[in-house]
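# Commentary on secondary and tertiary structure
Listed below are the residues making up each chain.
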Amino acid sequence: MLDTFEILSTSGVVLWSRTYVPVHSYVINSLIREVLIEERTNKVAYGDGTTKPTYRKDGYIMKWNLAKDVGLIFVAVYQSLVHLTWIDKLIDNVSALFTGLYGEQLKGEIDTVKFPFDPYFDREMQRVEASNDASMSSAFEVTSNPEFTPPSSSGTDHGAEEPPPMPGLRKAPQKPIYNPDTSTDATPVPTPDTSRPSTPASRILTGKTRPGGKPSRRDRKVKAAVNSAPASSGDETSARKGKAGGKQKKNRVWNEFGADEEDNTINLDYSTVSANDPADFELPDAINPESWGRTTGKGQFVLKDLDEEMDEIIASVNAKKENSTAAGGIVGSSLGAIGGLFRNVVGGKTLTKEDLEKPLKGMEDHLLKKNVAREAAVRLCDSVERDLIGLKTNSFTTIESTLRTAMERALTKILTPTSSLDLLREITTVTATNRPYVLSIVGVNGVGKSTNLSKIAFFLLQNHHRVLIAAADTFRSGAVEQLRVHVRNLKELSKREGGEVDIFEKGYGKDAANIAADAVTFAKENKYDVVLIDTAGRRHNDARLMSSLEKFAKLAKPDKILMVGEALVGSDAVAQARNFNNSFGAGRGLDGFVISKCDTVGDMVGTLVSMVHATGIPVVFLGVGQHYADLRGLNVGSVCRLLMS
Ligand SMILES: Nc1nc2c(ncn2[C@@H]2O[C@H](COP(=O)(O)OP(=O)(O)OP(=O)(O)O)[C@@H](O)[C@H]2O)c(=O)[nH]1
């Protein structure tokens, strides 16, 4: 009978195996080496009524399926003395079942993922053996035989969505089937939910099963966001939805399954509040602190990073790709095109410039698709090429995976801050010297400066700080009123959340640098912990407005200057980041970025890379929506995973 069945990745990792009789590892290794790597096709036989390639080694037969679309090999090993008529069917069905169940995980980093495949395999094994027995002898009849048809994603002819209940057999299985979870053939096995492709993957990867449709935390947050939308007449609401200047972007909110494009909840969009606007608002509902951060043992409230959201994004993006594939669209990640799988197996090969040329071009295109600016993409690929030329690859390693690993390393290196970004600690250090900590926000028009400044204020209120918000955008009509609305909201919230917040304003047309300096003096005299300075939006190539930033830095002396950049900005990110970084005079640059509107770009988070690459300045916060709690810290690993998905 069958001795062993192994599922391997094309880079040589055993993802799952079932052993009935141990087979020495050199047996399968020789298949991989001789047939799959060295492509010695004279070692492969067909015939004996089988459609599968057959490789013989020391009394064993090996038959296999190569699923190129997911980079997997399904290998069955048995003694050459026996003749298994059902083996082809087993291999095909197991291939279809495994890729159908775990297609999503297989697109990510799979080395450490566990695949709970045992019950599925055992059931399939039992089924093919039984159907073979039934066809050979009418004495053994299947009493109820809803045809078990695993998911069809690997291109076999099995199309059913869910395995039906186990067929009831009159005849007991001929040999005991090893299955620790299902001791009898009547025990139901888990049913894969393939009705929504992203769900099983995200369940298994993130462990976020929500039985019975229980709303996710994100869903609850979305609901809270709906409740907390500022009260206004319908006309007023629609007037507020679009930023002055024709910015009519449809805002999306992330839920368990990705971006809900129908959700037009507007929470923090006070961008078109006019001087006459009564600025009515209802106090936002209490925000569950767990939805956006956690309290440390020292009592500090620290922000969550994007990890959880990123997993949801990856799952939703992959699901979309799958749908587009099903609809005849572009297949999978653009990274998949780089390797060409087996042709690229280069175990133990020393890489040359020629080997890398095409894969690197594929990688560059992939980064461009992720919204990384061309300059950054080219430089990253150049540095990876330098790292890889002359490198001897590991066994069973494709160029694709070698390149992917090298690019992940390069991205991690770029995105990992070289110094601490612990804002709360910095504030404590500065306030200990009897002066307020001063943080200012700069950026081009409409990127979300006031909104994200308010989110930072809310974060500081959670940490019980006294915050003064300085309205130093004396340029755009409505900017001061917009900030006033935020401060009113935050004041109300501070009654529940703790902390204290006030606004420092001097109207319009005055010198912004002087107002900012006055605000700092006022804050010092009145014992505020932090001054947050909002500034006017300016085009980074508007020399006149940009030049005023130097005076601003000199007078207000901010401890931190953060630039807000939109995640959706694209290639302009590089010039924006450089120009702002160079505008504060000698010896003073930006201290960090807030990347806003990350919720609107899915996995195309390349702007982060472009901005950091252009300046060497780290990302401090990510804006992920239009709610005071929609602020996150950066998780470098998650961003790299998104970029490599
Ligand atoms: N979806 C989403 N929208 C955001 C985010 N941050 C800000 N916005 C929206 O972006 C729009 C502009 O935000 P503002 O804070 O007014 O931008 P600003 O940079 O201060 O604008 P100017 O003062 O005109 O330069 C508003 O509709 C905000 O609600 C975010 O992280 N996600």
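Residues numbered from 1 in each chain as written. Predicted model: local features only at pLDDT ≥ 70, side-chain atom pairs only at ≥ 80, totals over all residues. Heavy atoms only, no water.

### As for the packing of aromatic side chains
Tallied over the full model, the rule gives 11 aromatic pairs. Measuring from ring centre to ring centre gives 4.9 Å for Trp-16 and Phe-121, while their planes differ by 45°; the resulting arrangement is tilted. Pair noted here: Trp-16 is in strand β2 (residues 14-19) and Phe-121 is in helix α3 (residues 118-136), with a separation of 105 residues, a long-range link. Pair check on accessibility: Trp-16 and Phe-121 agree, each one buried. (Phe/Tyr/Trp six-rings, centres within 6.5 Å; stacked < 30°, edge-to-face > 60°. Helix = DSSP H or I, 4+ residues; strand = E, 2+ residues; numbered from the N terminus. Buried < 20%, exposed > 50% of the residue type's maximum accessible area, 1.4 Å probe, protein only.)

### Thoughts on the site of the ligand
Taken together, 25 residues sit near the ligand, with Lys-449, Thr-451, Arg-476, Gln-482 and Gln-626 positioned nearest. One of the backbone N or O atoms of Gly-625 is found 3.3 Å from an oxygen atom in the ligand. Broken down by element, the residue count for the shell around the ligand peaks at 5 residues, all from helix α13 (residues 449-462). The residue inventory of the shell around the ligand, partitioned by class, reads 3 nonpolar, 14 polar and 8 charged. (Near = heavy atom within 4 Å. Polar contact = N/O pair within 3.5 Å; in protein donor to acceptor, adjacent residues only side chain to side chain. Nonpolar A, V, L, I, M, F, W, Y, C, P; charged D, E, K, R; others polar.)

### Looking at the packing of helix α17 (residues 572-581) against helix α18 (residues 606-615)
For the pair α17 and α18, interaxial distance at closest approach is 8 Å and the crossing angle is 40°. Between α17 and α18, the angle falls in the class oblique. Where α17 crosses over α18, the two elements pack in a sense that is right-handed. Residue-level contacts link Ala-573, Val-574, Gln-576, Ala-577, Arg-578 and Asn-581 of α17 to Thr-607, Ser-610, Met-611, Ala-614 and Thr-615 of α18. Residues that form the contact of α17 with α18 fall into these classes: 5 nonpolar, 5 polar and 1 charged. (Axes fitted to C-alpha atoms, helices over the stretch in contact; angles between N-to-C directions. Parallel < 35°, antiparallel > 145°, perpendicular 65-115°, else oblique. Left-handed = near helix turned anticlockwise from the far one by under 90°. Contact = heavy atoms within 4.5 Å.)

### Here we look at the packing of helix α9 (residues 353-369) against helix α10 (residues 374-388)
The geometry of α9 relative to α10 is characterised by a closest axis approach of 10 Å and an angle of 150° between their N-to-C directions. Comparing the axis directions of α9 and α10 gives the class roughly antiparallel. With respect to the hand of their crossing, α9 and α10 are arranged in right-handed fashion. Where α9 abuts α10, its residues Lys-353, Leu-356, Leu-360, Met-363, Glu-364, Leu-367 and Leu-368 lie against Arg-374, Ala-377, Val-378, Leu-380, Cys-381, Val-384, Glu-385 and Leu-388. By residue class, the composition of the contact of α9 with α10 is 11 nonpolar, no polar and 4 charged.

### Things to note about the nonpolar core
Residues Met-407, Phe-459, Leu-460, Ile-469, Leu-532, Phe-593 and Phe-621 are the most contacted members of the largest nonpolar core, which totals 89 residues. Looking at this core, you find at least three residues from each of domain 2 (348-415) and domain 3 (423-644). Once residues lying within four places of it in the same chain are set aside, the contact partners of Ile-469 are Leu-453, Ala-457, Leu-483, Val-487, Leu-490, Val-501, Asp-502, Ile-503, Phe-504 and Leu-532. Counting 30 residues, the second-largest nonpolar core is a separate cluster that includes Ala-76, Trp-86, Phe-115 and Val-128. (Core = buried A, V, L, I, M, F, W, Y, C linked by side-chain atoms within 4.5 Å. Domains from an automatic or database assignment.)

### Considering the confidence of the model for the protein
Chain-level statistics for the protein give a pLDDT mean of 73 and a share of 67% at 70 or above. Here residues 274-282 is modelled with pLDDT under 50, and outside its nearest four sequence neighbours on either side it reaches 21 contacts, counting other chains as well. Counted against residues more than four places away or in other chains, residues 337-343, with its pLDDT under 50, gives 20 contacts. In the predicted complex, the global pTM is 0.60; the interface-specific ipTM is 0.99. (pLDDT = per-residue confidence, 0-100.)

### With respect to the environment of Ala-629
The residue Ala-629 is located in the loop between β17 (619-623) and β18 (631-632) in this model. Residues Ala-629 and Asn-288, 341 residues apart in the sequence, show an inter-C-alpha distance of 8.9 Å.

### Here's the deal with the side chain of Ser-30
Note that Ser-30 resides in helix α1 (residues 25-37). Assessed through its relative accessible area of 2%, Ser-30 is described here as buried. A distance of 3.3 Å separates a polar atom in the side chain of Ser-30 from a polar atom in the side chain of Tyr-55. Apart from the residues lying within four places of it in its own chain, the contact partners of Ser-30 are Val-35, Tyr-55 and Lys-57.

### Some thoughts on the sheet that holds strand β11 (residues 437-442)
Taken together, the 8 strands give an open sheet; going across it, the order is β13-β12-β14-β11-β15-β16-β17-β18, and neighbouring strands pair in mixed fashion. Each of the sheet's edge strands pairs with one partner strand only, and the pair in question is β13 (500-504) and β18. In the sheet, strand β16 (residues 592-596) pairs with β17 via 3 bridges, with the strands oriented parallel. Bridge pairing in β17 places Ile-595 opposite Leu-622. Contacts from helix α12 (residues 423-431) reach β11, β14 (530-535), β15 (560-566) and β17 within the one sheet, and its direction differs from that of β11 by about 135°. (Pairing = 2+ DSSP bridges.)

### Some points on unusual backbone geometry
Although it is not a glycine, Asp-58 sits at a positive phi angle of roughly 45°. Residue position: Asp-58 is located in the loop between β4 (50-57) and β5 (60-67). With a phi angle near 65°, Asn-434 is a residue other than glycine that sits in the positive phi range. Take Asn-434: it is sitting in the loop between α12 and β11. Judged by relative accessible area, Asn-434 falls into the exposed class, the value being 63%.

### Comments concerning the UniProt feature "domain: SRP54-type proteins GTP-binding" (unreviewed entry) in the protein
As recorded in UniProt, the feature "domain: SRP54-type proteins GTP-binding" (unreviewed entry) lies at residues 618-631. Within residues 618-631, the helical portion is 0% and the strand portion 43%, while the C-alpha atoms at the span's ends are 16 Å from each other. (UniProt positions renumbered as here; feature names shortened; annotations may be inferred.)

### Remarks on the environment of Leu-460
On the secondary structure map, Leu-460 appears in helix α13. You can call Leu-460 buried: its relative accessible area is 1%. Put simply, Leu-460 and Ile-427 are 33 residues apart on the chain and 9.9 Å apart in space, counted from C-alpha to C-alpha. Excluding its chain neighbours within four sequence positions, the residues that come into contact with Leu-460 are Leu-423, Leu-424, Ile-427, His-465, Val-467, Val-530 and Leu-532.

### Some points on α18
Burial of α18 is extensive: 9 of the 10 residues sit out of reach of the surface. Once α18 finishes, Gly-616 follows within two positions and takes phi at roughly 75°, a positive value.

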